[in-house]
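# A closer look at the structure
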Amino acid sequence: MFRERRVLADLSTGQRDPDDWEIGRLRTVDYFLDTRVLTYEPTLSLLAVGTASGLICVLGGPGVECSVQTPKGSPVKILQLAASTDKLLSVDDHDQLHIWNLKDLTEPPKSTRFDHAINAVMLSPSHTHVFLALQSGEIRTYDLLCLKKSPYVIPNLWDMFQTKIASSVVDPMHVLPGCNIPVDLVAHPRDLNLIFVAFGGGVVLYDLSSRNILRAYELVIPAGAPGGGGYHQSEVLKHRRPSVTSITIHPAGHFFAVGYADGCVAFWAMEDEDQPLMVRTSTDLDVNVINGEELENFLQNGGPSEEKGTNLSERQPIYRVAWCGFPNSSDPRGGATSLVILGGDRSNDPCRLTVHTMPALDSPEPPAPSGFKSGLHASVRKAMRLSVIPLETTYYLSSGPVYDFILFPKSNPHFSGCWDPVSLLFLTAAPSGSRMVEARQFLPPKMMSLLPGTDPQNSSEHDDVMHNLSATLEGMALGGKEPLPMHIPSKLYSGLGGVSYAQLLTFQRGMHDVLVGQQPVPGDADLPITGGSAWIDDKRLSELRLSRSHPRRILVTYHHDLNIRFHDVSPQLLISSSTSPLQKNYPFTIHDLTIDLGCLRLSSAPEVATVQVAPESLECVVLMKSGDLLVYRLNTTQVDPPIEIEGNEEFVLLGDVSLRPGTRYHPFLMLPRGNVSLTCCALSDIGFVGVGYIDGSVTVIDLRGPSLLRPQRQKRQSKLLVRNQDTDPVVSLTWTVSAVSMDAQLAVRLIAIHESGNTQVFKIIRDPDSSMYAIAQDVIRVEGLPNVIQGGSFVIDSQKGTTWRADRSRFAASLQTRDSNPAHCFWVTASAKGARCMLDISGERISKVEWHSKKNNVGHVQVIEKNNSHVLVAFNDKPEAMVYSLPYLEHLHTFSLANICENVVSVDETGDFIALRRHESGILEQIVFGTLFITRRVYDSPIVDLIRFHREIPPYPQPVSVGPPSLLGSWFRYGKPIMTGEQLDALLAGPDRPIPPPDPVQTSEDTTTDDGPGVMKTIENARNGVYSRLNDALAERGEMLGNIEQQIGSLQQGSKDMVAQAKRLAAEQSARRWFGF
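The present account deals with the structure reproduced in this document.

### Points about the overall build of the protein
The secondary structure content of the protein amounts to twelve helices and 59 strands. When each of the 1077 residues of the protein is scored for burial, the buried share is 54%. Sequence separation of 24 or more characterises 61% of the internal contacts of the protein that already satisfy a separation of 6 or more. A total accessible area of about 48700 Å² is found for the protein, and carbon and sulfur atoms account for 51% of it.

### Here we look at empty space enclosed by the protein
A probe as big as a water molecule, rolled over the atoms, marks out the empty space that is left. A complete count under the given rule lists seven cavities of 30 Å³ or more for this structure. The computed volume of the largest cavity comes to approximately 80 Å³. In this structure, the largest cavity is lined by G263, C264, V265, R280, T281, S282, I318, I341, G343, G344, T354 and H356. Of the residues that constitute the lining of the largest cavity, the class distribution is four nonpolar, seven polar and one charged.

### A short note on the packing of aromatic side chains
Evaluated as defined, the whole model comprises 22 aromatic pairs. Ring geometry for F415 against W419: centres 4.8 Å apart, planes inclined by 25°, an arrangement best described as stacked. Seen from their ring centres, Y586 and Y939 are 6.1 Å apart, and the 70° between their planes marks the pair as edge-to-face. One end of the pair, Y586, is in the loop between β32 (563-568) and β33 (588-596); the other, Y939, is in the loop between β58 (924-931) and β59 (943-945), with 353 residues separating them in the sequence. Taken together through their ring pairs, the aromatic side chains of F196, Y217, F256 and W268 make up a single cluster. Sitting over the face of the ring of F114, K149 holds its NZ or CZ atom 4.6 Å from the ring centroid. Sitting above the plane of the Y395 ring, R352 keeps its charged end 4.0 Å from the centroid.

### A word on the side chain of T610
With respect to the helices and strands, T610 occurs in strand β34 (residues 608-613). A residue is classified by how much of its surface remains accessible, and T610, at 11% relative accessible area, is buried. Excluding residues within four positions of it along the chain, T610 makes contact with Y558, V621, V622, L623, C681 and Q790.

### What about the pairing of strand β4 (residues 55-59)?
The buried fraction of β4 amounts to four of the five residues, a majority that puts the element mostly inside the structure. In terms of strand pairing, strand β3 (residues 46-51) meets β4 through four bridges, oriented antiparallel. Following the sheet pairing, G50 is matched in β4 by I56. Once β3 ends, the chain turns through three residues before running back antiparallel as β4, passing G54 with a positive phi of about 90°. The pairing of β4 with strand β5 (residues 65-69) spans five bridges and is antiparallel. Looking across to β5, one finds that I56 is bridged to V68. Taking the residues between adjacent antiparallel strands as the criterion, β4 and β5 are bridged by five residues, where G63 takes a positive phi near 75°.

### Some thoughts on the sheet that holds strand β29 (residues 499-507)
Within the open sheet, the four strands sit side by side as β29-β31-β32-β33. Their pairing is antiparallel. Sheet topology places β29 and β33 at the edges, where each strand pairs with a single neighbour. Ignoring strand direction, the axes of neighbouring strands in this sheet form an average angle of 25°.

### Topic: the sheet that holds β3
Pairing is antiparallel across the open sheet formed by four strands, whose spatial order is β2-β3-β4-β5. The outermost strands of the open sheet, each flanked by one partner alone, are β2 (35-41) and β5. Across the sheet, the axes of successive neighbouring strands diverge by a mean angle of 15°, strand direction being ignored.

### Things to note about helix α10 (residues 981-989)
For α10, the complete set of buried residues consists of G981, L984, D985, L988 and A989. Projected down its long axis, α10 carries its buried residues within an arc of 115°, all on one side. The inward-facing, buried residues of α10 abut β11 (129-134), β12 (139-143), β13 (148-154) and β15 (191-199). Where α10 terminates, the next one or two residues include G990, which has phi positive at roughly 85°.

### Comments concerning the pairing of strand β19 (residues 255-260)
In terms of residue burial, β19 counts as a mostly covered element, since six of its six residues are buried. Along β19, one buried face is formed by F255, A257 and G259 and the opposite face, lined by F256, V258 and Y260, is buried too. The pairing of strand β18 (residues 244-249) with β19 spans five bridges and is antiparallel. Note that in β19 the partner of I247 across the bridge is V258. Remark: five residues form the turn of the hairpin made by β18 and β19, two consecutive strands paired antiparallel; G253 in that turn has positive phi of roughly 85°.

### Some remarks on helix α6 (residues 509-516)
The complete set of buried residues in α6 reads H512, L515 and V516. The buried residues of α6 all sit within an arc of 90° when viewed along its axis, so they share a single face. Considering only its buried residues, α6 is in contact with β29, β31 (552-559), β32, β33, β36 (629-634) and β38 (665-671). G517 lies just past α6 and shows a positive phi near 70°.

### Description of unusual backbone geometry
Here the residue pair G705 and P706 is connected by a cis peptide bond, since its omega of 0° sits within 30 degrees of zero. By secondary structure assignment, the location of P706 is in the loop between β41 (698-702) and β42 (707-709).

### Observations concerning the pattern of salt bridges
Here the idea is simple: oppositely charged side chains can pair when their charged atoms come close. The final tally for this structure, using the stated rule, is 36 salt bridges. Between D143 and R993 there is a salt bridge; the shortest N-O distance is 2.7 Å. Taken together, the residues D143 in strand β12 and R993 in the loop between α10 and α11 (1004-1009) connect sequence positions 850 residues apart. Of the charged contacts in the structure, one is a salt bridge between D345 and R352, with a shortest N-O distance of 3.2 Å. This pair shows no difference in class: D345 is buried, exactly as R352 is. One salt-bridge network, in which partners are shared between bridges, spans R553, D908, D912 and R937.

Calculation rules
- Residues numbered from 1 in each chain as written.
- Predicted model: local features only at pLDDT ≥ 70, side-chain atom pairs only at ≥ 80, totals over all residues.
- Heavy atoms only, no water.
- Helix = DSSP H or I, 4+ residues; strand = E, 2+ residues; numbered from the N terminus.
- Buried < 20%, exposed > 50% of the residue type's maximum accessible area, 1.4 Å probe, protein only.
- Contact = heavy atoms within 4.5 Å.
- Areas by Shrake-Rupley, 256 points an atom, 1.4 Å probe, with all protein chains shown as cover.
- 1 Å grid on protein atoms, 1.4 Å probe; cavity = no way out; pocket = protein on both sides within 12 Å on 5 of 7 lines; lining within 4 Å.
- Points joined across faces, edges and corners; volume = space filled by probe spheres on them.
- Nonpolar A, V, L, I, M, F, W, Y, C, P; charged D, E, K, R; others polar.
- Phe/Tyr/Trp six-rings, centres within 6.5 Å; stacked < 30°, edge-to-face > 60°.
- Lys NZ or Arg CZ within 6 Å of the ring centre and 35° of its normal.
- Pairing = 2+ DSSP bridges.
- Axes fitted to C-alpha atoms, helices over the stretch in contact; angles between N-to-C directions.
- Arc of directions from axis to C-beta.
- Salt bridge = Lys/Arg side-chain N within 4 Å of Asp/Glu carboxyl O.

Structure, rendered in structure tokens:
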């Protein structure tokens, strides 16, 4: 009697009071599935993301994340970051301009509407205005400092150009629909006074100060030339003027590239508006020149016909071009460059971005113009033409059609954000209808010079190279190193990279540290998004430090791109203060643990059913829905390679699989699907993996060999010799080290529960002669609970309530203990209808219960521990958490989770859980972290300062000569002095510009009282506003001019003294000769 009371002690005494429970939401992780536009600012080192729902998120360094919503939730069309004024700019689908202050995004935006739709915007870190190209053709300006429209307006330049040539040229093609609508707007990379305005009909170079059109560049494909469509189009015998789609400027500023709707790219010299340097497609050069042979074949065949037709598909338009420069030459004109092209491929070509590596501009010094002849000299034109011939072509393949791309420059914000890029981010279409963000390393040009045997002075050799170039273009694709994928922020996981499922795991500190390893922040493959700073409110620091003792947690996510990713979600990551900001993101993705299933040869399309990680050995098992089972091992120590077993045909060793460098989870073996499908598996910490089959059979994988262990009466053959009650599918497997009522010996046991409830308890024994393990012949059979849910079987200590797993300590105890009267245990099982508790697994039934809420299905159960008290908690789809005592399964409480989440999918032993919210496509759009005990848990959103680490804006690049550098040019700047940003602001804003006062510098008193998300927390990190920078720049400029003036004056005085001394010496010499000395 005394023994019975000791075994049936109440394990739930500390959790019977409902006041001990407090349900709450800890954090949410949102995924952007409707990303429409991206922008990056290198001075601030911030990435901004705009979505179709009107949400705008600004991402920076660890923990730096702020979101705003456009008024009325209008989709975001254009997005920019202004480093000169610390502003966030957005244009929505209603063509309304919204401006937020990055210092405090909680302030409502300043919204402005214009008379017409906004097609393009242009801003620069060197001034405080933004140019807006309207659908009407006008260019309007807006003052970001005063937050008002500026009086400077540029009329429709293309209409002015048409009016100018109308008197001399009568051509109806000049008034084609859309030719006067602006499509792009780019500043000259070395002169703020000049802007390029791309209209549908052509490009206009405009002088801001003189308000004058300098040149207009209009591409005309003559009749008979192939153009972008080639010789299989019907309009080949007509003059064509393709519409402009995009423009980009060479970093030297002397020529530029224009993309067109027919898929061709034209290169223009600034000084020559009559004839482009070259017009090419992705496969052919000089497509604006008539090819006599091709044209003759075209005419002989009677023009294009569908019977004869070619297999060539239609060429895509050029959607966007970008010209990248690099600090790879001492020549002021720069070295080799890269031209990034989106579009221009055939519709049946793979989805990709094209990057041409262009040689450096090596133009000779042009001779002085003679007579009235002016314009581009022939030698300079040849050099420019040579510099747009690709030395190499790299293709950045994508998973779907590319919508847009952005470059990540290392630090320089000028050159339209294209100077020295290190990464490339592009937005692609996903099969589910959403959009996917992909990132690649951007490869800088190799140390290349001109093509072998070429010289701009030698036209004959140059022409030979041009003649043979078309035939060699196909062999230039992706030479050398392949661009490596880069890690994107986890919020951008969507499309093929979207999350399909997630689960929560708990680890002890030592094992967690081994699993996470040493993770550099940022890593080599991380995007250079490091701006801003974030920390938890200092008022919560004392409570936050309590999380040091909490268990470490890992979030495992399954992705549609066949990757399994691990994320650290331990509360210790949030420990921070204003003087010690966050060091890692939350969640923090552990990229070197990523498991890529795409590198394995599986029997069918991989789709993950479940993932298990052993808490101590850290081995990982992946069960696929196809029935294949994969075992991975962590590459922490040197492990002997598995020994190939002769005659083994049941599992495959995977030691020779090629993996990405740095991958820590290595595939060990695969148990492929055979004639009978796998239904479940269980992983232990002592080297055993249990596998259940649909036919009721059970197999154990001993990872020490590896080898397969089976019951003697369950040898898998064409006809299985199993009992009738064991032929239904195995639905649950549980490893434990315990005794049972029929066998008092402490041993390793595997509990296999069938769908009908019939349960088999297998005992693992060791052969003393061979030291090999086997399954004991005697199998204990128990009548259990039918239809046990996954993860619904627990073996717990009858006195302490702790779970008895097959771990190292319990395994060691089984090898040493020979006690005939070991401790007792409870076996708790749960199904969708109720739960049952039994003594010593095969002993008497202690209790049985049906769920309190019968109308709702229970999907997950867990034994929860709090203050050494244990209860069974069942989660249904209402959603509710129903609490039952142990071991008698008395209903204690029912808590509603409706305000927290929709459904719980994974729970740990401390009461923390995660819930998922899915998009209609099946991809996750939100993960909710919740808990049953939120008291003194600090998961607050951090305080964020987006501009805490604002880099200094470098001066605007100076003009460079088209010719080689000279000694004279090293002393005097090329050309006339360029306009400064201050002068441009004065020109655009006019004389009546109201100058607002600078932002006050925050004192230490403010930092203790204000805890808004945009607050500067320390006076040491406060920086001067744009006015102080402008004043410093003006003072420095004045000081430099004063020094130059002093030096010139000193040189002038020295010259006068030298002339006077020469005259005096000459007079003395004359006097000497006169007197005969």
